[in-house]
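Below are the chains, spelled out letter by letter.
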Amino acid sequence: MQNKQSTSIRTVVATGIGAAIIFVLMKFVAIPTGIPNTQVNVAAGFLALLGAIFGPVAAGLAVFIGHALNDFVTYGSPWWTWIIVDGLIGVAFGFAKNRLKIEDGVLGTAKLVWFNIYQVIVNFIGWVLLAPTGDIIVYHEPATKVYLQGITTWLVNSISVAIIGSILLVLYARTRTQRGSLKKER
Amino acid sequence: MQNQLLIGYDNRHTFLNRLSGSTKLLCFVGLSIIGMMTYDTRYLIGVMVFSLIIFHFSKINYRDIKFVVNVIIGFSVLNLVMVYVFAPHYGVTIYGTEHLLLGSSQHYFNLTTEQLFYEFNLLLKYTFAVPLALIFLMTTNPSEFAASLNKIGISYRISYSVAIALRYIPDVQNDYRTISLAQQARGFEMSKKAPFMTRVRGSIQILLPLIFSSLDRIEVISQAMELRRFGKGKKRTWYMAQKFKSNDYLALLCVLVIILIGIGLFKVNGGRFWNPFN
């Protein structure tokens, strides 16, 4: 197995490359929903995979950096409340790592179902509870508008993770060697 | 798509280029936080004028940023319309008075001076940081940016992650474009003309090769870094780091004064809003 030193380097690199991928996905592969500033985000699905492989620190920081950079070059100023919420969701996805054990190469239906329930709840807490409340407190935006944006984002992000995230997780698990797949010859 | 490329750094030989990255980062973050908090119109206009003056000195061509500016204006207008549709009386709630311009107070959609004023404040808040952000992006060398992050107290591992992200964004973009063209050549339609589900399926077809090749890249880079003993020391020096000069202290002082004025205005106004209707 890898030692502690090399996992910490892997986390640093995964954060950086992950942030670059999230940035590119947010910029080019976003499909608008019709409500301003909310889009079907392919990046959310990738975040699930990043969290499942590299854990909370890498996923949280990667989405924080990627989202901040993207806001910076698209809107001119980062929208901090949503960036922080995105970071927290990344951390939450990272915590699924130990439960999913994707490196072992087995990803059964039970685990997938569990993960999808978990991600819908995480997205709900993030986008419906935290992000709009932050907008109201910090930016003083009208409640109805931010809650509509929040609920739309919750729905599209949950769907994005459910479809793209699940596909990525299953395909990634298939590339890993299964634990215990080698047998001693007698 | 070509237009959307990162707006780039270029050494334009102005005093802004010579300021250290840490100074610019601190100034930008400080100003954007105070601008995020305050709803004082006079202050926001002041900061906006200040940033436009600085922008004038930065010798950035309007042509280079036209596209970005248009996108920003488009999104701001959309947001303002949406705020009006969902909360046409929000200004009245905030400022406590009602001066009707159009319609009567019984109707859901009426226009009050307070609402207009509130939305004007919102517009200022959406846009005031844009010139500063553009200056920051276009006058700071990306490699120096990571060094500046480390200098203002962020752990060097995180700074290095940011450096890697900035370094690899163009590579990932290139990969993305290559894979996208290859898939389109195989018949996957991904442009705006295609129906929604086709677009989703198309983007998954790009996503898979992009992500799996990037995961390999993570392994390669982390092994290379381990061979070079990354992370063995407590500290790290940066080739691109700049020392603070007198100009840096001067700039920081200016921004500090502006921020203090903003904080002072909270006291004067008795809250975050400036109410001209009393």
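Residues numbered from 1 in each chain as written. Chains lettered and ligands numbered in written order. Predicted model: local features only at pLDDT ≥ 70, side-chain atom pairs only at ≥ 80, totals over all residues.

Going by an unreviewed UniProt entry, chain B carries the name ABC transporter, permease protein [Lactobacillus plantarum JDM1] and comes from Lactiplantibacillus mudanjiangensis. You can read under Subcellular location (unreviewed entry) in the UniProt record for chain B the words "Membrane". (UniProt positions renumbered as here; feature names shortened; annotations may be inferred.)

The name given to chain A in an unreviewed UniProt entry is UPF0397 protein MUDAN_MDHGFNIF_00947, with Lactiplantibacillus mudanjiangensis as the source organism.

A. Structural context of the overall build of chain B. Helix and strand counts for chain B come out as 11 helices and 2 strands. Tracing chain B from N to C terminus, the helices and strands come up as α-α-α-α-α-β-β-α-α-α-α-α-α. Burial statistics for chain B: of 278 residues in total, 33% are counted as buried. The contacts of chain B with a sequence gap of at least 6 include a subset with a gap of at least 24, amounting to 73%. (Helix = DSSP H or I, 4+ residues; strand = E, 2+ residues; numbered from the N terminus. Buried ≥ 20, exposed ≤ 12 C-beta atoms within 10 Å, placed from the backbone. Contact = placed C-beta atoms within 7 Å.)

B. Quick look at the overall build of chain A. Counting its regular elements, chain A contains 6 helices and 2 strands. Of the regular secondary structure in chain A, the N- to C-terminal order runs α-β-β-α-α-α-α-α. In terms of overall size, chain A behaves like a compact globule, its C-alpha atoms giving a radius of gyration of 17 Å where 186 residues would be expected to give roughly 16 Å. Once the C-alpha set of chain A is aligned to its principal axes, its extents read approximately 70 × 35 × 25 Å. (Rg over C-alpha atoms; globule rule 2.2 N^0.38 Å.)

C. Spatial organisation of helix α3 (residues 41-57) of chain B. All names here are of chain B. Taking 1.5 Å of rise per residue, the 17 residues of α3 would be expected to cover 24 Å, and the 25 Å separating its terminal C-alpha atoms lies within 8% of that figure. Structurally, α3 contributes buried residues whose contacts are with α2 (21-37), α6 (113-127), α7 (129-139) and α11 (246-269). In the stretch just after α3, K59 is the one whose phi turns positive, near 60 degrees. (Expected span 1.5 Å × (residues − 1).)

D. Structural context of the UniProt feature "transmembrane region" (unreviewed entry) in chain B. When the UniProt feature table is mapped to this numbering, "transmembrane region" (unreviewed entry) covers residues 21-37, 43-60, 67-87, 123-141 and 249-268 of chain B. Split by type, residues 43-60 of chain B is 83% helix and 0% strand. Its first and last C-alpha atoms lie 25 Å apart.

E. Summary view of the confidence of the model for chain B. All names here are of chain B. Taken as a whole, chain B shows an average pLDDT of 82; of its residues, 96% reach a score of 70 or greater. Counting contacts from residues 1-5, a segment whose pLDDT is below 50, to residues more than four positions away or on other chains yields 2 contacts. Complex prediction metrics read pTM 0.85 and ipTM 0.84. (pLDDT = per-residue confidence, 0-100.)

F. Layout of the interface of chain A and chain B. Each partner contributes to the interface: chain A provides 48 residues, whereas chain B provides 49 residues. Broken down by secondary-structure element, the contributors of at least two residues to the side of chain A that touches chain B are α1 (4-28), α2 (42-74), α5 (109-139) and α6 (143-175) of chain A. If you tally residues by element for the side of chain A that touches chain B, the top one is α1 of chain A, at 18 residues. Its residues assigned to classes, the side of chain A that touches chain B shows 32 nonpolar, 12 polar and 4 charged. (Nonpolar A, V, L, I, M, F, W, Y, C, P; charged D, E, K, R; others polar.)

G. Region of interest: the UniProt feature "transmembrane region" (unreviewed entry) in chain A. Residue and element names in this part refer to chain A. Feature annotation in UniProt assigns "transmembrane region" (unreviewed entry) to the following positions: residues 12-30, 42-67, 79-100, 112-131 and 151-173. Secondary structure across residues 42-67 divides into 100% helix and 0% strand, with the first and last C-alpha atoms of the span separated by 13 Å. Secondary structure across residues 112-131 comprises 100% helix and 0% strand; the distance between its end C-alpha atoms is 26 Å.

H. A look at the packing of helix α9 (residues 156-185) of chain B against helix α10 (residues 196-227) of chain B. Residue and element names in this part refer to chain B. In the contact formed by α9 and α10, the axes pass within 9 Å of each other and the chain directions differ by 135 degrees. By the criterion of interaxial angle, the relationship of α9 to α10 is oblique. Note that α9 runs across α10; the crossing there is right-handed. Residues V172, D175, Y176, I179, S180 and Q183 of α9 touch α10, and the partners they reach there are G202, Q205, I206, P209, L210, S213 and S214. In terms of residue class, the contact of α9 with α10 is built from 6 nonpolar, 6 polar and 1 charged. (Axes fitted to C-alpha atoms, helices over the stretch in contact; angles between N-to-C directions. Parallel < 35°, antiparallel > 145°, perpendicular 65-115°, else oblique. Left-handed = near helix turned anticlockwise from the far one by under 90°.)

I. Summary view of the environment of H99 of chain B. Residues and elements named next belong to chain B. Here H99 is to be found in the loop between α5 (90-95) and β1 (100-102). Using a count of 15 C-beta atoms within 10 Å as the deciding quantity, one classes H99 as partly exposed. Counting along the chain gives 162 residues from H99 to I261, while the straight-line C-alpha distance between them is 30 Å. The contacts of H99, once residues within four sequence positions are left out, are T112, T113 and E114.

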